[in-house]
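Per-entry structural report
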Amino acid sequence: MTMYDDENASFDDENPPEESNNRTFLLVAGILGALVLLGICAVVGYLIFSNLTGQQQEAVAFQQATEQAATIQVGLTQTAAVQALTQTAAATNTPDPTDTPVIAQATLTPSPTQNPATATVGAAFTQIAVSTQTIIATSTALPNTGFIDEFGAPGLMMMAVALVAVIFLVRRLRATPTR
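Description of the structure in this document. By convention here, each chain's residues receive numbers from 1 onward along its written sequence. With the structure being a predicted model, the display of local features is reserved for residues of pLDDT at least 70 and the display and counting of side-chain atom pairs for 80 or more, all residues being used for whole-chain, interface and lining totals. Calculated side-chain values reflect all of the structure's heavy atoms, with hydrogen atoms and water omitted.

1. Quick notes on the overall build of the chain
Rule in force here: A run of H or I in DSSP becomes a helix once it reaches four residues, and a run of E becomes a strand once it reaches two; helices and strands are each numbered from the N terminus. For each residue, the accessible area found with a 1.4 Å probe, counting protein chains only, is set against the maximum for its type, and the residue is called buried under 20%, exposed over 50%, and partly exposed in between. For the accessible areas, the method is Shrake-Rupley and the probe is 1.4 Å, while residue cover comes only from the protein chains on display.
On a plain count of helices and strands, the chain comes out with three helices and zero strands. Listed N to C, the secondary structure of the chain is α-α-α in terms of helices and strands. In the chain, which comprises 179 residues, the share counted as buried stands at 1%. When the accessible surface of the chain is split by element, carbon and sulfur atoms take 65% of a total near 17,800 Å².

What follows is the structure in structure tokens.
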């Protein structure tokens with residue numbers, strides 16, 4: 001005879017309900033999606049506003065160029081009018097010509113006793129003397145480029161010691177048990 005046991009009558013083969021980890025995942029995914037959407041909106045807004053300001057700047061530049069062209073045109077018109085008045089006044093008040101004496105200037109005239117070969121040799125010696133007196137600059141210093149030249153060796157050593165200290169400090173904090 002078999003006994004019927006109520007406790008063992010229904011076997012639970014079902015898995016227990018899963019935790020709500022999916023809700024956390026969906027929350028994080030939603031936040032990241034919102035950040036991406038916000039970034040896209042910011043880029044689109046920047047493009048729209050920069051395009052509007054660019055159009056405004058072009059309109060202002062066009063207006064300034066037009067005003068400048070008008071100012072130049074007025075100035076040229078006034079200059080032409082003044083020149084026309086000056087020319088008519090000059091035509092009526094032309095002064096009488098005066099006798100201006102010509103000033104004699106001394107010129108280099110070769111003497112008939114100078115030999116052309118001697119002049120050529122003298123010019124060659126002058127060119128040689130000038131070329132030997134010219135100082136050609138040459139650099140003897142080393143170039144100032146690189147990391148050490150900017151920060152110096154003492155600064156580099158201090159940075160190395162600081163980084164080693166950071167390494168030891170981090171290792172010490174990892175080894176210390178948490179309370």
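2. Quick notes on a nonpolar patch on the surface
Worth spelling out the cut-off: Patch definition: residues above 30% relative accessible area lacking any salt bridge, with like charges linked at up to 9 Å and the nonpolar side chains Val, Leu, Ile, Met, Phe, Trp and Tyr linked at up to 5 Å. What makes a salt bridge here is a side-chain nitrogen of Lys or Arg within 4 Å of a carboxyl oxygen of Asp or Glu, nothing more.
A cluster of nonpolar side chains, L27, V28, I31, L32, L35 and L38, forms an exposed patch at the surface whose accessible area comes to about 600 Å². The residue L27 is located in helix α1 (residues 21–92) in this model. Taking the relative accessible area as the measure of exposure, L27 reaches 55% and is therefore exposed.

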